Amino acid sequence: MASATRRRWIGVFTVALALLFLAIVVGPWALTKWAESHFSRSLGESVTLERLYFNPFTATASFSSLEIGSGKTPMLSAASGRVAFAWDSLWRPGIHIDSVTLGSPYLNLVSPPSGPLNVTTLGQGSSASSDAGQPMPLTIDRIRAEHGRIVWIDQTVAGQPRIQADEVDLTLEGFQRPEGGPMQGQATATLGGGQLDLQGQFGLLPLSGDLTLKAQQVNAAALDPWLTRALPARVVGGQFSLDGRLRFGQAVATAVAYQGGVTLNGFETQGSQGQPLFSVQQGVAKQVDFASGDHLVVGSLALTVPKLNALVDDQGRFNLTAQFGGQQAQAEQAQTQSSQDQGNQDQTSQKPSDGGQSQSGQAQGRQDLSSGSQHQDSEDNSQSGGMALALEKLHIEQGEMTFEDRRMSPVVSLDIGQLQGQLTGFDTRTAKPAQYHVNGSVSDGTPVMIEGDVSFGDSLGARMHLTTERLALSQFAPYIRRFAGYRIEHGSADLDLHYRLQDGALTARNHILLKQLDLGREVDPDASSLPLKNLVALLQAESGVINLNIPIDTTVSGSNVDMSVVIWQAISESLENIVTSPIDSLQALIGPSEKGS
């Protein structure tokens, strides 16, 4: 009897050990396989787990090495994680989770050439939702990610550039499915060597965000592929800071919108040939209102030590024309392509429908409604002249502009520094002119003043008034050598130039005073057939001043300089000099005796 009881207890103990062994060894394996299968069907993407543990006493599950998505780079991965379930999941429909904590997560975002962001498709192709008609309700009170990384690859841009945020700490609250809706949360991260802080509402299905954004000292070069699409230059250096409101997705009518402030430090750009184009030591923009594809409005912009480099290369190409002209050509090409695409869509929409659109197709249509309206808004803007630009006030301090003409030998260089001035009322949406006024000085201290206005209506209109005194002509000696054939010893010029552009026609009234002009040795006898030395001596005579008023009329089809006015000025000047200084005038006509003449 005792031996039978003993054997019975040994059998029970053996079975208990076997069950315990299965629970410890086989249980996590079976639970892991079940979770992989269930979540793969629910998300419509491959889900793999290295190990999953569940504690029934605390209703918590721990896992290691989570991967969602197939391929070498999964859509989401995490080194470890912990899920705490709410006890009311036992008697309420669906799953209620108190918190989800992810350790070292890696989120790989991809914007394909066409279609939505990859993460927004999670769950759309799930077999669970198609079998049951509606996905199982899921509520997550709190999602926490620590020491994460987010990489975004933009396949819509040539070269497929990428941007990476590291040390991402994220907290989101209030996830619900299928009701959806944005979650409330906050996040910090490092981007391009700078710090990001975000707080506000964020939704994934569908994608939306309404966040307060603070970015400090982010390297601008990290965003170069995207900035290059908006700027006629390549960003190679500098940092920027942001402090404002960022909206995207369904939270705004356009793809991305930003309102707030922007600060630039050490900002540098290069032209298409790799030469420096524009730089600024510091720029502060306030009351910035940006909506992608629609408008950019800036309340005020202050630039400290801005520098613009204008260059004519050996082939006669002007870098500013090449940069802005190239951008305009790209915009026109994009507008033409957009019009062709719209025409193709119109033709497609006119084809008869079979009337058999599926529920999934209707859902996809509803999801793409927002992006479709954004595309239409962009097309409307393209057809109306592109994105609207407005700058209420621009202030410049200690600016500099350099000009080089490398066709000349030696190279012509002109530096205008100490630029101080402002522009007010710039707005491409109205024909009201913007006013500008700038003072500066040439490298030798010669003062320069430029003022005028520019307007954007049915046609570009502009007015410019430039004055300068005692401008040394030696700076333009290579031009005089090339086109007149003489060296220049010394001389100066006072300029009073008036230009007006209206209805495609440019008119100019130029008053030029040449003082003490002295031509040196002739270096190219074939450059001019005129006796320039004698003419210069006759025109300036004893006073040493040549007074010229030169009118210019220019249109897109050609230009016209009224030479009759210039000739009559020369004749009257010469007659006056002959009457007042006959000896000097005769000597100028005869010229000095030269050997071999």
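Residues numbered from 1 in each chain as written. Predicted model: local features only at pLDDT ≥ 70, side-chain atom pairs only at ≥ 80, totals over all residues. Heavy atoms only, no water.

Caption draft 1: Expanded view of the overall build of the protein chain. Counting secondary structure elements, the protein chain contains 10 helices and 23 strands. Among the 597 residues that make up the protein chain, the fraction classed as buried is 34%. Taking the contacts inside the protein chain whose residues are at least 6 apart along the sequence as the reference set, 53% of them involve residues at least 24 apart. In the structure as shown, the protein chain presents an accessible area of about 34,600 Å², 57% of it carried by carbon and sulfur atoms. (Helix = DSSP H or I, 4+ residues; strand = E, 2+ residues; numbered from the N terminus. Buried < 20%, exposed > 50% of the residue type's maximum accessible area, 1.4 Å probe, protein only. Contact = heavy atoms within 4.5 Å. Areas by Shrake-Rupley, 256 points an atom, 1.4 Å probe, with all protein chains shown as cover.)

Caption draft 2: Main features of the environment of Tyr53. If you trace the backbone, Tyr53 turns up in strand β1 (residues 47–55). Given a relative accessible area of 47%, Tyr53 falls into the partly exposed group. Linking Tyr53 and Leu31, residues 22 residues apart in sequence, is a C-alpha distance of 7.7 Å.

Caption draft 3: Representation of the packing of aromatic side chains. Summed over all chains, the structure comprises 2 aromatic pairs. Seen from their ring centres, Phe54 and Phe85 are 6.2 Å apart, and the 70 degrees between their planes marks the pair as edge-to-face. Of this pair, Phe54 sits in strand β1 while Phe85 sits in strand β3 (residues 76–85); the two residues are 31 residues apart in sequence, bridging distant segments of the chain. Measuring from ring centre to ring centre gives 6.4 Å for Phe202 and Phe248, while their planes differ by 55 degrees; the resulting arrangement is tilted. With a gap of 46 residues between them, Phe202 in strand β9 (residues 194–203) and Phe248 in strand β11 (residues 234–249) connect regions that are remote in the sequence. By relative accessible area, which is 17% here, Phe248 ends up buried. (Phe/Tyr/Trp six-rings, centres within 6.5 Å; stacked < 30°, edge-to-face > 60°.)

Caption draft 4: Expanded view of the pattern of salt bridges. Per the stated rule, a full pass over the model turns up 9 salt bridges. With a closest N to O distance of 3.0 Å, Asp427 and Arg429 form a salt bridge. Among the residues examined, Asp427 registers a relative accessible area of 16% and is labelled buried. We classify Arg429 as exposed; its relative accessible area is 51%. The closest approach of N and O atoms between Lys515 and Asp494, which form a salt bridge, is 2.7 Å. Taken together, the residues span a long stretch of sequence, with Lys515 in strand β21 (residues 505–522) and Asp494 in strand β20 (residues 486–502) at a distance of 21 residues. Given the relative accessible area of 29%, Lys515 is considered partly exposed. Judged by its relative accessible area of 11%, Asp494 is buried. (Salt bridge = Lys/Arg side-chain N within 4 Å of Asp/Glu carboxyl O.)

Caption draft 5: How the structure looks around the pairing of strand β14 (residues 295–312). Here 12 bridges tie strand β13 (residues 276–291) to β14, and the two strands are oriented antiparallel to one another. Within the sheet, the bridge partner assigned to Gly283 lies in β14 and is Leu303. Hairpin connection between β13 and β14: a loop of 3 residues separates the two successive antiparallel strands, and Gly293 in this loop has a positive phi of roughly 75 degrees. In this structure, β14 lies alongside strand β15 (residues 388–405), joined through 14 bridges in parallel fashion. Paired with His295 across the strands is Ala388, a residue of β15. (Pairing = 2+ DSSP bridges.)

Caption draft 6: Spatial organisation of the nonpolar core. Leu196, Val218, Val288 and Leu394 are the most contacted members of the largest nonpolar core, which totals 28 residues. Elements supplying a minimum of two residues to this core: β10 (208–219), β11, β12 (256–270), β13, β14 and β15. The residues touching Leu196, leaving out its near neighbours within four places in the chain, are Ala187, Thr188, Ala189, Leu191, Leu213, Lys214, Ala215 and Val218. (Core = buried A, V, L, I, M, F, W, Y, C linked by side-chain atoms within 4.5 Å.)

Caption draft 7: Spatial organisation of unusual backbone geometry. A positive phi is found at Gln160, a non-glycine position, where the angle reads about 50 degrees. Structurally, the position occupied by Gln160 is in the loop between β6 (138–154) and β7 (162–177).

Caption draft 8: Quick peek at the pairing of β7. Where β6 and β7 come together, 12 bridges link them in antiparallel fashion. When the bridges of β7 are listed, Ile153 appears paired with Arg162.

Caption draft 9: Looking closely at a nonpolar patch on the surface. Judged by side-chain polarity, Trp87, Leu90 and Trp91 come together as a nonpolar surface patch covering roughly 440 Å² of accessible area. With respect to the helices and strands, Trp91 occurs in the loop between β3 and β4 (95–103). (Patch = residues over 30% accessible without salt bridge, like charges linked within 9 Å, V, L, I, M, F, W, Y side chains within 5 Å.)

Caption draft 10: Quick peek at the confidence of the model for the protein chain. Looking at the protein chain, the pLDDT average stands at 75 and 69% of residues meet or exceed 70. Note on residues 128–132: pLDDT under 50 across the span, and 5 contacts to partners over four residues away in sequence or across chains. With pLDDT under 50 throughout, residues 563–568 is counted as low confidence; its partners more than four residues away or in other chains account for 4 contacts. (pLDDT = per-residue confidence, 0-100.)

Caption draft 11: Highlighting the side chain of Asp453. Residue placement: Asp453 occurs in strand β18 (residues 447–456). Judged by its relative accessible area of 15%, Asp453 is buried. Contacts of Asp453, omitting those with residues within four sequence positions, involve Pro433, Ala434, Gln435, Tyr436, Gly461, Ala462 and Arg463.

Caption draft 12: Fine view of the environment of Leu513. Mapping Leu513 onto the fold places it in strand β21. Separated by 43 residues in the primary sequence, Leu513 and Arg470 have C-alpha atoms spaced 9.4 Å apart. Residues contacting Leu513, with those up to four places away along its chain left out, are Ser492, Ala493, Asp494, Val545, Ile546 and Asn547.

Caption draft 13: Molecular detail of the side chain of Asn309. Tracing the backbone through its elements, the reader meets Asn309 in strand β14. Polar side-chain contacts of Asn309 include one of 2.6 Å to the side chain of Thr402. Those residues in contact with Asn309 that sit more than four places away from it in its chain are Pro276, Leu277, Asn319, Leu320 and Thr402. (Polar contact = N/O pair within 3.5 Å; in protein donor to acceptor, adjacent residues only side chain to side chain.)

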